[in-house]
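Here's the letter readout for the chains.
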Amino acid sequence: MSVDRSQFVAAFLEESYEGLDIMESSLLELDSADVETINSIFRAAHSIKGGAGTFGLDEVANFTHIVETILDALRSDEMETSPDLVNLLLESVDCIRALLAASQGGDAADPSVIEDVHNRLKAVMGQNSAAATDTAASSATETQEKVWEIQFIPNANMLAQGHRPEAMFSALSELGVIETKLLTSQVPPLTNLNPEE
């Protein structure tokens, strides 16, 4: 039984464009103290990056990754919002939209614009990293990393019931670094695998 990949790509693109609309409208109304708005912008970027990586849209995933990193710094108070940063993030939304359209046969994204915005994003990250170095050094002895081990065993009807395990992993990744290990002892050989389970 072959799987029609195009339907999944179409669903991803639809969700991505909706996510970009959310990012854009939220950035236009952003108040530096509005943590939930920053979280919603971050979640949209995170979903786009993850889906782009899944479907091999590396240029989209790589560009969105640095946007996601900056948003993560904003929501963890490692970086402060400013009109210039908001404008840069709005430009980034336009770039992601253009890269998505180009990946599906639309007009090619202007590489000079993409490179310019990408370089300015990296510059913002570089400035933040330099500022964070001293803070990290001074607080290193005060913090201890917490590690959790989670075992996830999905039931056979999970997908048929409309559950999306990737959403769970996406939410967990917002809490910290995830290291995954696949246990295959209960996975049947491909010849016996029911694709609906």
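Right, let's walk through the structure included here. Source: prediction; values computed, not measured.

Criteria and cut-off values
Residues numbered from 1 in each chain as written. Predicted model: local features only at pLDDT ≥ 70, side-chain atom pairs only at ≥ 80, totals over all residues. Heavy atoms only, no water. Helix = DSSP H or I, 4+ residues; strand = E, 2+ residues; numbered from the N terminus. Buried < 20%, exposed > 50% of the residue type's maximum accessible area, 1.4 Å probe, protein only. Contact = heavy atoms within 4.5 Å. Areas by Shrake-Rupley, 256 points an atom, 1.4 Å probe, with all protein chains shown as cover. Salt bridge = Lys/Arg side-chain N within 4 Å of Asp/Glu carboxyl O. Core = buried A, V, L, I, M, F, W, Y, C linked by side-chain atoms within 4.5 Å.

Points about the overall build of the protein chain
Then, in step 1: Secondary structure assignment for the protein chain yields 6 helices and 0 strands.
Then, in step 2: Sequence-ordered secondary structure for the protein chain, helices as α and strands as β, is α-α-α-α-α-α.
Then, in step 3: For the protein chain, the proportion of its 197 residues judged to be buried stands at 29%.
Then, in step 4: Contacts spanning at least 24 positions in sequence make up 67% of the contacts within the protein chain whose residues lie at least 6 apart.
Then, in step 5: When the accessible area of the protein chain is evaluated, it comes to approximately 13400 Å², of which 53% is carbon and sulfur surface.

Points about the pattern of salt bridges
Opposite charge on two side chains allows them to pair when their charged atoms are near.
Then, in step 1: One pass over the full model with this rule turns up 8 salt bridges.
Then, in step 2: Where E36 meets R43, a salt bridge forms, and the shortest distance between an N and an O atom there is 2.8 Å.
Then, in step 3: Using a relative accessible area of 47% as the deciding quantity, one classes E36 as partly exposed.
Then, in step 4: What you see here is one network of salt bridges that share partners, running through D21, E24, D94 and R97.

So, the nonpolar core
Then, in step 1: Formed by 42 residues in total, the largest nonpolar core has its most connected members in M23, F63, V67, L71, L89 and L121.
Then, in step 2: Counting only elements with at least two residues in this core, the list comes to α1 (5-28), α2 (35-54), α3 (58-75), α4 (83-103) and α5 (111-139).
Then, in step 3: Beyond its immediate chain neighbours, meaning those up to four positions away, V67 contacts M23, L89, S92, I96 and L121.

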